[in-house]
Amino acid sequence: MLQSLQDRFVLNFIKDDRWMYIADGLKVTLLVTFFAVLVGIVLGFLVAVVRSTYDKTGKLKLLNILCQVYLTVIRGTPVVVQLLIIYFVIFGSVNIDKIFVAVMAFGLNSGAYVAEIFRSGIMSIGGGQFEAGRSLGFNYVQTMRYIIMPQAFKNVLPALGNEFIVLLKETSVAGYIALQDLTKGGDIIRSRTYDAFMPLIAVAIIYLVMVLIFTKLVNMLERRLRSSDH
Amino acid sequence: MTINKGDTLIRVEQLHKIFGELHALNGVSDEIRKGEVVVIVGPSGSGKSTFLRSLNLLEEPSRGKVYFEGVDITDKKVDINRHRRKMGMVFQHFNLFPHKTILENITLAPTKLLGKSKEEAQKHAMELLELVGLEAKANAYPSQLSGGQKQRIAIIRSLAMDPDVMLFDEPTSALDPEMVGEVLELMKKLARDGMTMVVVTHEMGFAKEVATRVVFMDEGQIKEQAEPGEFFEHPKDPRLQEFLSKIL
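Just so we're clear, the structure is a prediction, and the values are computed from it rather than from any experiment. (Residues numbered from 1 in each chain as written. Chains lettered and ligands numbered in written order. Predicted model: local features only at pLDDT ≥ 70, side-chain atom pairs only at ≥ 80, totals over all residues. Heavy atoms only, no water.)

Topic: the overall build of chain B
Consideration 1: Of the regular secondary structure elements, chain B holds 9 helices and 10 strands.
Consideration 2: A compact globule built from 248 residues would reach a C-alpha radius of gyration of about 18 Å, and chain B, at 18 Å, matches this within 12%.
Consideration 3: For chain B, the spread of C-alpha atoms along the principal axes amounts to about 55 × 45 × 40 Å.
Consideration 4: Within chain B, buried positions represent 56% of all 248 residues. (Helix = DSSP H or I, 4+ residues; strand = E, 2+ residues; numbered from the N terminus. Rg over C-alpha atoms; globule rule 2.2 N^0.38 Å. Buried < 20%, exposed > 50% of the residue type's maximum accessible area, 1.4 Å probe, protein only.)

As structure tokens, then:
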């Protein structure tokens, strides 16, 4: 029994340096997730600012409509379909780096969810805070920057952390455009060795460990930011 | 332009504010002079808070004009933020910034808007904290303070901008009764020091003792105004007589 497990381990990971599929895949997954998170934060932040500025002041009407279309389309269609459309339709006729496509697709997708998270955070800050800022002489942007955003960010940190965990796991569909991410790497080993258990469990464990580490980091940040609540 | 005691600081002309169906302000005109302590009273829904909030344009009037230190601040071309720095405002619910310490609450606007150095702003903030006896709370957060302490901090946060007028929107209405006194004491001290003040309140004792003029608002209009003795002893408007008989 133990001997057979050891044999399978050697077959799946050691022989022909098959562990490289996992290691290279992990690199791709981390790279895509990292940059998609950045794209998502920037995009989500901008959309949230446009949407809440419109809600509060009635300005930016055209941009607000644009943002709403974006939110509706992205949240109303599966991420795999978005990924395929971006790769085969939008960049169909050009030879383009698949990692870049994946970053764009997952970033664009995440941005929609991050936007709503940020917006709920901004809306959760009472109107009194806004009025206090304005009455001191801060303009709209300064009030947002110094008074509303820091509080909103603190309130949405758990939801934001959750969104990034979801994003990390969602990148596992990158194999649809033949990008060799962590999941695809495990799957390639499976197709070579005809052993599903070893590579797929290894992949699952790696995702789980990454999520646990990330959750821990978010919790630490949250605790630091909570220092003003007693 | 220097403004001397007795000169007009704020002039309001035919102010109207319409919220959907509600005509909250229905043609209010008034003049607030430097050094005056104007107390505005009236039943709820009379438009007194809307009027006060129109003075620094937190509420944008539907019609009419507000002049502050000779400038028409309802003019869209005017940078309202610059003028608001000179008009302190104190709210019913304090609205301290919960993510900042007391000291940061006070120094935020002076450092960011007046270009004061951090040291300079902190020195001034500590002086103000000593004025209200809360210097020990400089590094505390708002959530660690009582309601009365929060409101006193809110007042000196406005004072840190060195305003020409202070607007108070029911500053003691959200306080436990035993904390009303400490806030009123501070407001009386400000009045004694010559601060121009416009106060919406239900504290008739404060009006009698400190006000230079008491204004009665009802149905979005100023129905009567007089110095406190006259106002409380010989009210003329029947609605004011009814109002006073209910609360005194």
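Section: the overall build of chain A
Consideration 1: If you tally the helices and strands in chain A, you get 9 helices and 0 strands.
Consideration 2: Order of helices (α) and strands (β) in chain A, N terminus to C terminus: α-α-α-α-α-α-α-α-α.
Consideration 3: Scaling as 2.2 N^0.38, a compact globule of 230 residues should have a C-alpha radius of gyration of about 17 Å, whereas chain A reaches 22 Å, well beyond that.
Consideration 4: Along the longest, intermediate and shortest principal axes, the C-alpha atoms of chain A span 75 × 50 × 25 Å.

A word on the pairing of strand S7 (residues 165-169) of chain B
Residues and elements named next belong to chain B.
Consideration 1: Taking burial as the measure, the 5 residues of S7 include 5 buried ones, the bulk of the element.
Consideration 2: Of the two faces of S7, the one lined by Val165, Leu167 and Asp169 and the one lined by Met166 and Phe168 are each fully buried.
Consideration 3: With 4 bridges joining them, strand S6 (residues 87-90) and S7 adopt parallel strand pairing. Residue pairing in the sheet places Val90 in a bridge with Phe168 of S7. (Pairing = 2+ DSSP bridges.)

Quick look at the interface of chain B and chain A
Consideration 1: Chain B puts 25 residues into the contact, and the matching count from chain A is 19 residues.
Consideration 2: Of the roughly 1900 Å² buried between chain B and chain A, counting both surfaces, carbon and sulfur atoms make up 60%.
Consideration 3: Ionic pairing is found between Glu131 of chain A and Arg53 of chain B, a salt bridge with its closest N-O pair at 2.6 Å.
Consideration 4: Linking chain B to chain A there are 6 residue pairs in polar contact (both at pLDDT 80 or more).
Consideration 5: Broken down by secondary-structure element, the contributors of at least two residues to the side of chain B that touches chain A are helix H2 (80-84), S6, helix H3 (102-113) and helix H5 (147-159) of chain B.
Consideration 6: The greatest single-element share of the side of chain B that touches chain A, amounting to 4 residues, is contributed by H3 of chain B.
Consideration 7: Classifying every residue of the side of chain B that touches chain A by side-chain character gives 12 nonpolar, 7 polar and 6 charged. (Contact = heavy atoms within 4.5 Å. Buried area = accessible area lost by both parts, 1.4 Å probe. Salt bridge = Lys/Arg side-chain N within 4 Å of Asp/Glu carboxyl O. Polar contact = N/O pair within 3.5 Å; in protein donor to acceptor, adjacent residues only side chain to side chain. Nonpolar A, V, L, I, M, F, W, Y, C, P; charged D, E, K, R; others polar.)

Some thoughts on the sheet that holds strand S1 (residues 8-19) of chain B
Consideration 1: With antiparallel pairing, the 4 strands of this open sheet are ordered in space as S2-S1-S4-S5 (chain B). Of all strands in the sheet, those with a lone pairing partner are strand S2 (22-33) and strand S5 (71-72) of chain B, marking the two edges.

Things to note about the nonpolar core
Consideration 1: Core analysis: the biggest nonpolar cluster contains 72 residues, and Phe106 of chain A together with Ile10, Phe51 and Leu55 of chain B have the highest contact counts within it.
Consideration 2: With sequence-adjacent residues up to four places away left out, Phe51 of chain B is seen in contact with Val12, Leu15, Leu25, Val28, Asp30, Ile40 and Met217 of chain B.
Consideration 3: Residues Ile102, Ile106, Leu129 and Phe216 of chain B belong to the second largest nonpolar core, which totals 50 residues. (Core = buried A, V, L, I, M, F, W, Y, C linked by side-chain atoms within 4.5 Å.)

Things to note about helix H8 (residues 182-193) of chain A
All names here are of chain A.
Consideration 1: Here H8 is 12 residues long and its end C-alpha atoms lie 17 Å apart, about the 16 Å a rise of 1.5 Å per residue gives.
Consideration 2: Of all the positions in H8, only Leu182, Gly185, Gly186, Ile188, Ile189 and Thr193 are classed as buried. Mapping the buried residues of H8 onto a view down its axis gives an arc of 155 degrees, with all of them on the same face.
Consideration 3: For H8, the elements touching its buried residues are helix H1 (2-14), helix H2 (19-57) and helix H9 (197-225).
Consideration 4: Two residues or fewer after H8 comes Tyr194, characterised by a positive phi angle close to 55 degrees. (Expected span 1.5 Å × (residues − 1). Arc of directions from axis to C-beta.)

Section: a nonpolar patch on the surface
All names here are of chain A.
Consideration 1: On the surface, Phe197, Ile201, Ile205, Val209, Ile213, Leu217 and Met220 cluster together to form a nonpolar patch covering roughly 650 Å² of accessible area.
Consideration 2: As for its position among the elements, Ile201 is in helix H9.
Consideration 3: On the basis of relative accessible area, Ile201 is assigned to the partly exposed category, the value being 38%. (Patch = residues over 30% accessible without salt bridge, like charges linked within 9 Å, V, L, I, M, F, W, Y side chains within 5 Å. Areas by Shrake-Rupley, 256 points an atom, 1.4 Å probe, with all protein chains shown as cover.)

Any functional reading would require information beyond the geometric quantities listed.
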